[in-house]
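Listed here are the chains, written in short residue letters.
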Amino acid sequence: MTEATRVLVLNAGSSSVKYQLIDMLDGSRAAAGLVERIGEHTGRLVHTPRGGDRRESVQVFADHAAALKAMAAELAADGLGLDSPELAVIGHRVVHGGRRFTAPTVITDEVLGEVRRLVPVAPLHNPANITGIEVARAMRPDLPQVAVFDTAFHTTIPEHAARYAIDTAVADEHRVRRYGFHGTSHQYVSRATARLLGRDPAELNVIVLHLGNGASAAAVAGGVCVETSMGLTPLEGLVMGTRSGDVDAGVIFHLHRVGGLSVDEIDDLLNRRSGLLGLAGENDMREVLRRAEEQDDPAARLALDAYVHRLRKYLGAYYAVLGRVDAIVFTAGVGENAAPVRAAATAGLEELGIAVDPELNSVRSSEARVISAEYSRVTVAVVPTDEELEIAQQAFALVRPSH
């Protein structure tokens, strides 16, 4: 009898579905792909099987059901269909799990109902996640399906750090507190850092900087998250590609009362037209760096300086929260590839025991690596994140605990 050792990981967005089929025997990808522009006049599907050529097609995907059926057809063409006996579980990325979901959870009607009740605090993400779950359950009702929550890793944050200093009754009624996001990435990277250093995660204090188009920081003490930069929503914290990060809440009132902007317009401004895009007109850090360094462009330089300044503020704050820092780790697209950002964020912090080796920092590699100077008390590292593998591992462990 064929052993079920593969996990299909689904990440359903509002108009896209990313997927990976992962073999848990060795963590390799049997296939990976993306369906995008769902519900638009023309959509696109990109599929890459292991050891095969990438296939790309342009077609109409009326809804997520059509997108997942197209994905299933691509997998079946490679002999990896959803009816395969090798498929053990489908793991779903779910952005918001509130306070209830602190670990990966087998999806039932009750669980799905609770995820639906959390839509008001994650209106951009949870509805798409729910749709992906519903379609996948309809396609394979016999197969266990597991939700892995972005917020779960952060549910260990102490109450005094999770609470905003507003009226407690109002906060509780509307579920207002710090939840944090990118949890699967922070969890994966903090453990991978311990492996890189040959240490037990339980004995390490780590600051993880997940720097992509969305960006967040986390303070992890002994493998447990004690603070993170994103809050009720993914808007709070670091300067990001299109999000403002930290902003005085009074700015919102000012823009509404004095500027005449509606709540929806302010929401759009802070989430989609701010950050690097708002300061430099460009949300791709590669282009911002090019303009700042090669053209001495004032707008790009300001955007870069603001981005780095916020990073340094959080580094210092989380150093104080942890009391002792063993490692600072950069991950995600910007963190893994933008050496100038890493150099600027850590420059002049020798008194805190932080020093980066310029030569090690300049090396481009897809491997986890240490970039700190020999004399640095705090290890500085670059560790590629793998959220899909983290989701697969958590989902597989839940349904195959003895494997």
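Scroll up a little and you will see the structure.
What you see is a predicted model; the values in this text were computed from it and never measured.

Caption draft 1: Fine view of the nonpolar core. In terms of nonpolar packing, the biggest core is built from 44 residues, with Leu209, Leu211, Met285, Tyr307, Ile328 and Val341 touching the most fellow members. Counting residues per element, the ones that place at least two in this core are strand E9 (205–211), strand E10 (215–221), helix H9 (275–280), helix H10 (285–294), helix H11 (298–322), strand E12 (327–331), helix H13 (339–346) and strand E14 (379–382). The leading source of residues in this core is H11, at eleven residues. Not counting residues up to four positions away in its chain, the partners in contact with Tyr307 are Leu211, Val239, Leu276, Met285, Val334 and Val341.

Caption draft 2: Quick look at the side chain of Ser372. With respect to the helices and strands, Ser372 occurs in the loop between strand E13 (369–370) and E14. Within the structure, Ser372 has its side chain in polar contact with the backbone nitrogen of Val380 (distance 3.2 Å). If we ignore the near neighbours within four places in the chain, the residues touching Ser372 are Ala355, Val356, Asp357, Leu360, Val378, Thr379 and Val380.

Caption draft 3: Empty space enclosed by the protein, seen in detail. Within this structure, the stated rule accounts for two cavities of 30 Å³ or more. Its boundaries defined by the atoms lining it, the largest cavity holds a volume of some 40 Å³. Along its surface, the largest cavity is lined by Ser190, Arg191, Pro201, Leu204, Val206, Val220 and Gly223. Looking at side-chain class alone, the lining of the largest cavity contains four nonpolar, two polar and one charged residues. Each pocket or cavity is described by its volume, and for the second largest cavity that value is around 40 Å³. Considering the residues around the second largest cavity, the lining is formed by Arg6, Leu21, Leu80, Gly81, Ser84, Glu86 and Leu87. Split by residue class, the lining of the second largest cavity holds three nonpolar, two polar and two charged.

Caption draft 4: A look at H11. With 25 residues, H11 should reach 36 Å at 1.5 Å per residue; the first-to-last C-alpha distance of 36 Å fits that figure. Turning to H11, its buried residues number three or more, namely Ala300, Ala303, Leu304, Tyr307, Val308, Arg310, Leu311, Tyr314, Leu315, Tyr318, Tyr319 and Leu322. One side-chain oxygen of the residue at the start of H11 lies 2.9 Å from the amide nitrogen of Ala299, identifying that residue as Asp297. Directly beyond the C-terminal end of H11, a positive phi value near 85 degrees is found at Gly323.

Caption draft 5: The layout of surface pockets, seen in detail. Each pocket or cavity is described by its volume, and for the second largest pocket that value is around 240 Å³. Around the second largest pocket, the lining is made up of 15 residues, and of these Asp284, Met285, Arg286, Gly333 and Val334 lie nearest the centre. Looking at the lining of the second largest pocket, the elements that each hand over two or more residues are H10 and helix H12 (332–337). Within the lining of the second largest pocket, the residues separate by chemical class into six nonpolar, six polar and three charged.

Caption draft 6: Region of the structure containing unusual backbone geometry. One non-glycine residue, Arg37, lies in positive phi territory at about 60 degrees. Along the chain, Arg37 falls in the loop between strand E3 (28–36) and strand E4 (43–49). A residue is classified by how much of its surface remains accessible, and Arg37, at 30% relative accessible area, is partly exposed. With a phi angle near 60 degrees, Arg175 is a residue other than glycine that sits in the positive phi range. Looking at the element boundaries, Arg175 is found in the loop between helix H5 (168–173) and helix H6 (183–197).

Caption draft 7: Representation of the packing of helix H2 (residues 109–117) against helix H3 (residues 126–139). Orientation of H2 relative to H3, taken along the N-to-C sense of each, is 160 degrees, at an axis distance of 10 Å. By the angle class used here, H2 and H3 are roughly antiparallel. The two elements H2 and H3 meet at a crossing, and its hand is left-handed. Two secondary-structure elements touch here, H2 through Asp109, Leu112, Val115 and Arg116 and H3 through Asn126, Ile130, Ile133, Glu134 and Arg137. Considering only residue class, the contact of H2 with H3 consists of four nonpolar, one polar and four charged.

Caption draft 8: Representation of the packing of aromatic side chains within the structure. Tallied over the full model, the rule gives two aromatic pairs. Between Tyr314 and Tyr318, the aromatic rings sit 5.6 Å apart at their centres with planes inclined by 90 degrees, giving edge-to-face as the arrangement. One end of the pair, Tyr314, and the other, Tyr318, are both in helix H11, four residues apart, so they sit about a helical turn from each other. Tyr318 matches Tyr314 in its accessibility class, with the two residues each being buried. Positioned above the aromatic ring of Tyr188 is the side chain of Arg195, whose terminal nitrogen or guanidinium carbon lies 5.9 Å from the ring centre.

Caption draft 9: Main features of the pattern of salt bridges. One pass over the structure, following the stated rule, counts 33 salt bridges. The partner of Asp23 in a salt bridge is Arg6, with the nearest N and O atoms 4.0 Å apart. A residue pair is termed long-range when its members are at least 10 positions apart, and Asp23 in strand E2 (residues 16–23) and Arg6 in strand E1 (residues 6–12) qualify at 17 residues. Judged on exposure class, the residue Asp23 and its partner Arg6 are both buried. The salt bridge partner of Glu294 is Arg290, with a shortest N-O separation of 4.0 Å. Note that Glu294 and Arg290 are positioned in helix H10 at a spacing of four residues, about one turn of the helix.

Caption draft 10: Representation of the sheet that holds E14 within the structure. One open sheet holds the six strands; their spatial order is E11-E10-E9-E12-E14-E13, and the pairing between them is mixed. Among the strands making up the open sheet, the edge pair consists of strand E11 (224–228) and E13. Taken together, the four bridges between E10 and E11 define a ladder with antiparallel strand orientation. Across the sheet, residue Ala219 finds its bridge partner in E11, namely Glu227. H6 rests against E9, E10, E12, E13 and E14 of the sheet, and its axis sits at about 125 degrees to E12.

Here is what the cut-offs are and how they apply
- Residues numbered from 1 in each chain as written.
- Predicted model: local features only at pLDDT ≥ 70, side-chain atom pairs only at ≥ 80, totals over all residues.
- Heavy atoms only, no water.
- Core = buried A, V, L, I, M, F, W, Y, C linked by side-chain atoms within 4.5 Å.
- Buried < 20%, exposed > 50% of the residue type's maximum accessible area, 1.4 Å probe, protein only.
- Helix = DSSP H or I, 4+ residues; strand = E, 2+ residues; numbered from the N terminus.
- Contact = heavy atoms within 4.5 Å.
- Polar contact = N/O pair within 3.5 Å; in protein donor to acceptor, adjacent residues only side chain to side chain.
- 1 Å grid on protein atoms, 1.4 Å probe; cavity = no way out; pocket = protein on both sides within 12 Å on 5 of 7 lines; lining within 4 Å.
- Points joined across faces, edges and corners; volume = space filled by probe spheres on them.
- Nonpolar A, V, L, I, M, F, W, Y, C, P; charged D, E, K, R; others polar.
- Expected span 1.5 Å × (residues − 1).
- Axes fitted to C-alpha atoms, helices over the stretch in contact; angles between N-to-C directions.
- Parallel < 35°, antiparallel > 145°, perpendicular 65-115°, else oblique.
- Left-handed = near helix turned anticlockwise from the far one by under 90°.
- Phe/Tyr/Trp six-rings, centres within 6.5 Å; stacked < 30°, edge-to-face > 60°.
- Lys NZ or Arg CZ within 6 Å of the ring centre and 35° of its normal.
- Salt bridge = Lys/Arg side-chain N within 4 Å of Asp/Glu carboxyl O.
- Pairing = 2+ DSSP bridges.

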